[in-house]
Structure formats: C-alpha cells, structure tokens
Amino acid sequence: KISNELDIPVMPHITCRDKNIIGLHSTILGAHINDLRNLLIITGDPVPRSDQEMISNVYDFNSIRFMKYIKEMNQEYFGHDPMYYGGALNHNLPNLDKVVERMKKKQKQGASYFLTQPIYSKEDVERIAYIKTKIDAPILCGIMPLVSYRNALFMQNEMPGIKVPDEVVALYHKDMERKEAEAVAINLSLKIAKELEPVCDGYYFMVPFQRVNLITTIMNEMRK
C-alpha cells in the first residue's frame, strides 16, 4: 500500500517462523504481483515462551533454504523480472569465520546484500571490517538510537545478538530529561556512523518509539 500509493520503495521483512511453505509461496507471488521486488529474508526468533500456548512456530524453512526457494521461484516464474533479497548479518557471534561461512551460503542461494544488528561499539566496527575483507557483498549497518537510560539497559540485557557496552550505558542516567537523552543518542549515532563509514556500504535506521524527528536529525547531520 505504501509503495503503490506513495511511490516509496519498500523492503518487507519476511520471517520463516510464521508461515508454512504454502503461505510463504503465496506471500512471494502476492508481493511480485503488487510490484514489490526487494525483500529481507530472516529465519525469525522463536515465539516467546509465554505465548506458545496460543501461537506456534512453523519453520518449514530457515533463511538459507527459503532463499533457495525464492531463487527457484525466480527461475520458474519471474524470468527477467526477479525478486531481489538480502539476509541478516549477526556480527556478534563468537566465531566470525562461521558467520562468514553462513553469509557465503546465503550468497550462493541468491542473497545480494546484508543488514547488521544495531551497532554501538568500536569492537562492532572492527568485526564488520573483518567480515568485509571476506565477503564481496554490500553490507548495510544498523543505526538505532538509545533514547533513555532505561532503553539502553533494556537493549543491553534483553536483546539477544545486540551488544551495548557499559561505557555506552554510562552516557545516560535515570533522571535525564528527554531532550538531554536525545542529544546523547544523536551524538552517539553520528560517532558510530563516522567510524563505520570506511567499512560499510550504507546505513539503515531503526526508529525507537516512533521518534521520526530524531532519525531525521541524525540523517541531516550525516549529510553535512
């Protein structure tokens, strides 16, 4: 609807957790019919244990097998107008060579770009730099501002695969005014983006708590 009515390119995220093969097949056909050509394919985190009495995981595919399926659909149905898709890059796993190996498997099945988890530290930047020496594919790095002390603590302790260092949390405190916390978020995001500039192919932004103006400010500052 956004793409058709506003003429803005979109990239839906499709998880293998929520639909079986028939449902995913229909999803791809429907996307193509509606002129969508870009997708992000992810396996998807399991349904939280508290919801599992009512909601079940499906997982007919993982992301690599689903990419292979879309590659076959491109060959069978879409001919000269294929779907383009990318995959997730979890740069915080202990063994980076295993991460690279998995990325290469995704490339073999047609993945043409990768998106990282949100990045908050110099160590993250160094990890992306190492991966970039091993992979010939665009890597878009995630920028997600931390808008409060509570938000920083939550991201540090409750989000698997995302590392928020203690020194980043220490930039915030419990009694910060919103404006003060947002100023820290902007400065931190700009610092990380600058450090990433030599090693990434672009950025994507995650909007915390619908604070669009915050993201707009960061983007405008990056363009200067």
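Here, every reference points to the structure presented above.
Residues numbered from 1 in each chain as written. Predicted model: local features only at pLDDT ≥ 70, side-chain atom pairs only at ≥ 80, totals over all residues. Heavy atoms only, no water.

Draft legend 1. The packing of helix α8 (residues 178-196) against helix α9 (residues 212-223), seen in detail. Put simply, α8 and α9 touch, their axes get as near as 10 Å, and they point 40° apart. The angle between α8 and α9 falls in the class oblique. The interaxial crossing formed by α8 with α9 has right-handed handedness. Seen from α8, the contacting residues are Glu182, Ile186, Ser189, Leu190 and Ala193; seen from α9, they are Leu214, Thr217, Ile218, Glu221 and Met222. Among the residues making up the contact of α8 with α9, the classes are represented as six nonpolar, two polar and two charged. (Axes fitted to C-alpha atoms, helices over the stretch in contact; angles between N-to-C directions. Helix = DSSP H or I, 4+ residues; strand = E, 2+ residues; numbered from the N terminus. Parallel < 35°, antiparallel > 145°, perpendicular 65-115°, else oblique. Left-handed = near helix turned anticlockwise from the far one by under 90°. Contact = heavy atoms within 4.5 Å. Nonpolar A, V, L, I, M, F, W, Y, C, P; charged D, E, K, R; others polar.)

Draft legend 2. Quick look at the state of the cysteines. With the rule as written, the count across this model stands at zero disulfides. In this model Cys141 remains outside any disulfide bridge; the closest cysteine sulfur is found in Cys200, 4.2 Å from its own. (Disulfide = S-S within 2.5 Å.)

Draft legend 3. Molecular detail of the sheet that holds strand β1 (residues 13-15). Strands sit in the order β1-β2-β3-β4-β5-β6 across an open sheet of six strands; the sheet is parallel. Strands with a single pairing partner mark the edges of an open sheet, and in this sheet they are β1 and β6 (202-205). The sheet shows a mean angle of 35° between the axes of neighbouring strands, taken without regard to direction. The pairing of strand β3 (residues 84-89) with strand β4 (residues 114-118) spans three bridges and is parallel. Each bridged residue has a counterpart across the sheet, and for Ala88 the counterpart in β4 is Leu115. (Pairing = 2+ DSSP bridges.)

Draft legend 4. Representation of the environment of Lys105. As for its position among the elements, Lys105 is in helix α4 (residues 96-108). When the C-alpha positions of Lys105 and Lys68 are compared, they lie 9.9 Å apart, and in sequence the two are 37 residues distant.

Draft legend 5. Summary view of the packing of aromatic side chains. Enumeration according to the criterion identifies three aromatic pairs in this entry. Pairing Phe61 with Phe66 gives two aromatic rings, centres 5.3 Å apart and planes at 25°, and the pair type is stacked. With respect to class, Phe61 is no different from Phe66; both count as buried. Grouped by ring-pair contacts, the aromatic residues Phe61, Phe66 and Tyr69 constitute a single cluster. (Phe/Tyr/Trp six-rings, centres within 6.5 Å; stacked < 30°, edge-to-face > 60°. Buried < 20%, exposed > 50% of the residue type's maximum accessible area, 1.4 Å probe, protein only.)

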